[in-house]
Amino acid sequence: MQDQRPIATLGILGAGRVGTALAKQAAAAGVDVKVATAKDPRDISLILEFMAPGAQAVTAAEASAQDVVILAVPLHKFQDVDPKTLAGKIIVDAMNYWAPTDGIVDHFENDTRSSSEVVQSYFSESAVVKSLNHIGYGEFVGDARPAGDPDRRALAVAGDDEAAKAAVVQLIEAMGYDAADIGPLSAGVLLEPGSRIFSGRQTVESITAITAEECAMAR
Ligand SMILES: NC(=O)c1ccc[n+]([C@@H]2O[C@H](COP(=O)([O-])OP(=O)(O)OC[C@H]3O[C@@H](n4cnc5c(N)ncnc54)[C@H](OP(=O)(O)O)[C@@H]3O)[C@@H](O)[C@H]2O)c1
């Protein structure tokens, strides 16, 4: 995987509610952002012009070639993305399994692993980091604050590859949030829908406290 260094480029797969909000904020932070769906980039260029000024509409292949790639597609569609196209890349899994919208998906219903571990086993040659899933698309731009602001919100990060996680922390901080490392990808379950971290605005301190409490209860 790549060494820790400033993020040069960001790819986002998905130009829906969350993909465009993340693209807007990253572009505003000076990150080179390339956004794609599975379709012709011309289909989303106008949307991006209005919703995420500065972000570029590209093909899925081009978005997948960036240093860090955020998966912002409906989770039931993650296997539409060819894992070979993301081999060696850092993936941010911003997706959630939510049966009312995803339908019942066996991968996630009948597996005791966190949803991101399931995603990691599919993208076996990439480093998956779970984050950005536990903030609403409508909050992402408005809740961003500069470093040191007393109202700055925190987002949790879980992953097994430390260098990948550090790169994602840099991205989150650049986009206006503190980042709280909660440990391995298995801890991503603490960020899933219905969890305490998922359900509220958090700080680094509150995420750390919730994680410690949940880990103690699981022992
Ligand atoms: N909504 C939120 O506030 C929020 C917040 C955090 C995380 N999330 C999670 O993020 C994921 C996306 O949510 P959303 O609300 O943004 O969904 P959405 O508005 O339905 O957008 C999904 C996007 O993914 C694209 N897409 C579908 N298949 C693709 C593929 N194979 N390759 C590239 N792009 C593909 C779609 O393109 P087409 O329209 O062309 O199919 C669309 O642009 C979900 O798992 C959700 O749980 C959502």
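You'll find the structure just up there.
Residues numbered from 1 in each chain as written. Predicted model: local features only at pLDDT ≥ 70, side-chain atom pairs only at ≥ 80, totals over all residues. Heavy atoms only, no water.

> Explain the site of the ligand to me, please; I cannot follow it from the model alone.
For the ligand, the set of nearby residues contains 23 residues, the closest of which are Ala15, Arg17, Val18, Lys39 and Tyr137. Measuring from an oxygen atom of the ligand, one finds a side-chain N or O atom of Lys39 at 2.9 Å. About the coverage of the ligand: the protein hides 78% of its 900 Å² of free accessible area. Its residues assigned to classes, the shell around the ligand comprises 13 nonpolar, six polar and four charged. (Near = heavy atom within 4 Å. Polar contact = N/O pair within 3.5 Å; in protein donor to acceptor, adjacent residues only side chain to side chain. Areas by Shrake-Rupley, 256 points an atom, 1.4 Å probe, with all protein chains shown as cover. Nonpolar A, V, L, I, M, F, W, Y, C, P; charged D, E, K, R; others polar.)

> Just to check I follow, could you spell out the side chain of Lys130 for this structure?
With respect to the element layout, Lys130 can be found in strand 6 (residues 127–130). For the buried Lys130, which has no salt bridge, the nearest side chain bearing the opposite charge is Asp93, at an N-O separation of 4.0 Å. Within the local environment of Lys130, its side chain forms a polar contact with the side chain of Ser115, the two groups lying 3.5 Å apart. When sequence neighbours within four positions are dropped, the list of residues in contact with Lys130 reads Asp93, Met95, Asn96, Ser115, Ser116, Ala156, Val157, Ala158, Leu185, Gly188 and Leu191. (Helix = DSSP H or I, 4+ residues; strand = E, 2+ residues; numbered from the N terminus. Buried < 20%, exposed > 50% of the residue type's maximum accessible area, 1.4 Å probe, protein only. Lys, Arg positive; Asp, Glu negative; His and termini not counted. Salt bridge = Lys/Arg side-chain N within 4 Å of Asp/Glu carboxyl O. Contact = heavy atoms within 4.5 Å.)

> Sorry, what's going on with the pairing of strand 1 (residues 9–13) here?
Regular strands show a simple pattern: their side chains alternate between the two faces of the sheet. Burial of strand 1 is extensive: five of the five residues sit out of reach of the surface. Burial along strand 1 is two-sided: Thr9, Gly11 and Leu13 and Leu10 and Ile12, pointing in opposite directions, are all buried. Two elements, strand 1 and strand 2 (residues 32–36), share five bridges in a ladder whose sense is parallel. Looking at strand 2, one finds that Ile12 is bridged to Val35. In this view, the connection linking strand 1 to its parallel neighbour strand 2 by way of helix 1 (residues 17–28) has right-handed handedness. Judged from the four bridges that link them, strand 1 and strand 4 (residues 68–71) form a sheet pairing that is parallel. Bridging across to strand 4, Leu13 finds its partner in Leu71. (Pairing = 2+ DSSP bridges. Right-handed = clockwise from strand over helix to strand, strands pointing away.)

> Looking at this model, I keep getting lost on the pairing of strand 8 (residues 178–181). Mind explaining?
Summarising the sheet, strand 7 (residues 154–159) and strand 8 pair through four bridges and their orientation is parallel. For Ala154, the partnering residue across the bridge sits in strand 8 and is Asp178. For the crossover from strand 7 across helix 8 (residues 162–174) to strand 8, the handedness is right-handed.

> Would you mind going over the pattern of salt bridges with me for this structure?
Pairs can form between side chains of opposite charge once their charged atoms are near each other. Throughout the structure, instances matching the rule amount to eleven salt bridges. Between Arg201 and Asp143 there is a salt bridge, and its shortest N-O distance comes to 2.8 Å. With a gap of 58 residues between them, Arg201 in the loop between strand 8 and helix 9 (204–218) and Asp143 in the loop between helix 7 (137–140) and strand 7 connect regions that are remote in the sequence. Linked by salt bridges that have partners in common, Glu139, Asp143, Arg153 and Arg201 make up one network.

> Before we go on, may I ask you to explain the packing of aromatic side chains in this structure?
Ring pairs (aromatic) are described by centroid distance and by the angle formed between their planes. Throughout the structure, instances matching the rule amount to six aromatic pairs. Their ring planes at 85 degrees and their centres at 5.3 Å tell us that Phe78 and Tyr122 sit as a pair that is edge-to-face. Of this pair, Phe78 sits in the loop between strand 4 and strand 5 (90–93) while Tyr122 sits in helix 6 (residues 115–122), placing them 44 residues apart in sequence. Through a chain of ring-to-ring contacts, three or more aromatic side chains come together here, namely Phe78, Tyr97, Phe108, Tyr122 and Phe123. (Phe/Tyr/Trp six-rings, centres within 6.5 Å; stacked < 30°, edge-to-face > 60°.)

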